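These are the residues of each chain, in order.
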Amino acid sequence: LSQGVLSNWVEGGENSVSLLTILNINATYKEKRSVWTNSADYKFGLLKSGETGILKKTEDKIELNYKY
């Protein structure tokens, strides 16, 4: 979570708030000679800048890996 606030600013610059969510999941299944490994990475970010109230997507990632 990040926030930028500007007060008594003559020209330029806007207040902003941003949020970045990161999720990493790993799982491994083993049985005798077999190994199955799974991983998932997820990132999602949002930014609200200025007084418009519009949210902008700043980051978007979904990565899935499977190994047998």
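Our subject is the structure that appears above.
What comes next is a walk through the structure.

Rules used throughout
- Residues numbered from 1 in each chain as written.
- Predicted model: local features only at pLDDT ≥ 70, side-chain atom pairs only at ≥ 80, totals over all residues.
- Heavy atoms only, no water.
- Salt bridge = Lys/Arg side-chain N within 4 Å of Asp/Glu carboxyl O.
- Buried < 20%, exposed > 50% of the residue type's maximum accessible area, 1.4 Å probe, protein only.
- Pairing = 2+ DSSP bridges.
- Helix = DSSP H or I, 4+ residues; strand = E, 2+ residues; numbered from the N terminus.
- Axes fitted to C-alpha atoms, helices over the stretch in contact; angles between N-to-C directions.

**Focus: the pattern of salt bridges**
One side chain can pair with another of opposite charge once the charged atoms of both are near each other.
Turning to step 1, where the next piece is worked out: Applying the stated criterion across every chain yields a total of 2 salt bridges.
Turning to step 2, where the next piece is worked out: In this structure, the salt-bridge partner of Glu 63 is Lys 61, at a minimum N-O distance of 3.5 Å.
Turning to step 3, where the next piece is worked out: The class for Glu 63 is partly exposed, based on a relative accessible area of 31%.
Turning to step 4, where the next piece is worked out: Classification of Lys 61 by relative accessible area gives partly exposed; the value is 29%.

**Remarks on the pairing of strand 2 (residues 16-31)**
Turning to step 1, where the next piece is worked out: Pairing geometry for strand 1 (residues 2-4) and strand 2, over 3 bridges, is antiparallel. Each bridged residue has a counterpart across the sheet, and for Gln 3 the counterpart in strand 2 is Val 17.
Turning to step 2, where the next piece is worked out: One ladder, built from 16 bridges, connects strand 2 with strand 3 (residues 34-49); its direction is antiparallel. Residue pairing for strand 3: Thr 28 is matched across the bridge by Thr 37.
Turning to step 3, where the next piece is worked out: Linking strand 2 to strand 3, which pair antiparallel, is a turn of 2 residues; within it Lys 32 sits at a positive phi near 55°.

**What to know about the sheet that holds strand 2**
Turning to step 1, where the next piece is worked out: The sheet built from 4 strands is open, its strands ordered 1-2-3-4 with antiparallel pairing. Of all the strands in the sheet, just strand 1 and strand 4 (55-67) have a single pairing partner and so form its edges. Here the strands of the sheet are splayed against their neighbours by 5° on average, with no regard to which way each runs.
Turning to step 2, where the next piece is worked out: Sheet topology note: the strand 3/strand 4 ladder contains 12 bridges and is antiparallel.

All quantities given are derived from atomic positions and should not be read as evidence of function.
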